[in-house]
Amino acid sequence: QLHVAESGGGLVQPGGSLRLSCVASGFTFDYYTIAWFRQAPGKEREEISCISPNDGPTHYIDSVKGRFSVSRDDAKNTAYLQMNSLKPEDTGIYLCAVGHLGLYCSEYLSSADFGSWGQGTEVTVSP
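My aim in this report is to walk through the structure given alongside it, one point at a time. (Residues numbered from 1 in each chain as written. Predicted model: local features only at pLDDT ≥ 70, side-chain atom pairs only at ≥ 80, totals over all residues. Heavy atoms only, no water.)

**Quick look at the side chain of Ser49**
Its location among the elements puts Ser49 in strand β5 (residues 46–51). Classification of Ser49 as buried rests on a relative accessible area of 0%. Setting aside chain neighbours within four positions, we find Ser49 in contact with Ile34, Ala35, Trp36, His59, Tyr60, Val70 and Leu81. (Helix = DSSP H or I, 4+ residues; strand = E, 2+ residues; numbered from the N terminus. Buried < 20%, exposed > 50% of the residue type's maximum accessible area, 1.4 Å probe, protein only. Contact = heavy atoms within 4.5 Å.)

In structure tokens:
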């Protein structure tokens, strides 16, 4: 069975940091692109960061560039999203998604490009 699980969310003050983890099992993790999506209150789900397999491209939306960093440890079947200088607008449910085989990161990805999802971890940035 393919299983994806996020963790690391929480309540932080503006300017704080969180490190999200995405642990996957049941497939060959090394082959797949991993993306982080955010479901902000009242907004559509949006892909905010992505990391490709085999040292391929990464992607960040403009609003998180310079603050967020995506990485992966294939030996641990884990991807990470380091979030620094958090802002209230970063609040939302963060979901980890596994791309379809052959997918690489780009600015044009959508939910349809990803086949397996975690349940999400909540990030709240508030004074």
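There's plenty left to go through after this.
**Comments concerning the pattern of salt bridges**
Summed over the entire model, instances satisfying the criterion amount to four salt bridges. In this structure, Asp62 engages Lys65 in a salt bridge whose closest nitrogen and oxygen atoms are separated by 3.2 Å. For Asp62, a relative accessible area of 64% corresponds to the exposed category. With a closest N to O distance of 2.8 Å, Arg72 and Asp74 form a salt bridge. Judged by its relative accessible area of 17%, Arg72 is buried. Since its relative accessible area comes to 23%, Asp74 is described here as partly exposed. Through salt bridges with shared partners, one network takes in Arg38, Arg67 and Asp90. (Salt bridge = Lys/Arg side-chain N within 4 Å of Asp/Glu carboxyl O.)

**Let's talk about the sheet that holds strand β7 (residues 68–73)**
Within a sheet, neighbouring strands are paired by backbone hydrogen bonds and run either parallel or antiparallel to one another. With antiparallel pairing, the four strands of this open sheet are ordered in space as β1-β3-β8-β7. Strands with a single pairing partner mark the edges of an open sheet, and in this sheet they are β1 (3–7) and β7. Here the average twist between neighbouring strands, direction ignored, is 15°. Relative to strand β3 (residues 18–25), β1 runs antiparallel, the two being bridged by five bridges. Residue pairing across strands places Ala5 opposite Val23, the latter belonging to β3. (Pairing = 2+ DSSP bridges. Axes fitted to C-alpha atoms, helices over the stretch in contact; angles between N-to-C directions.)

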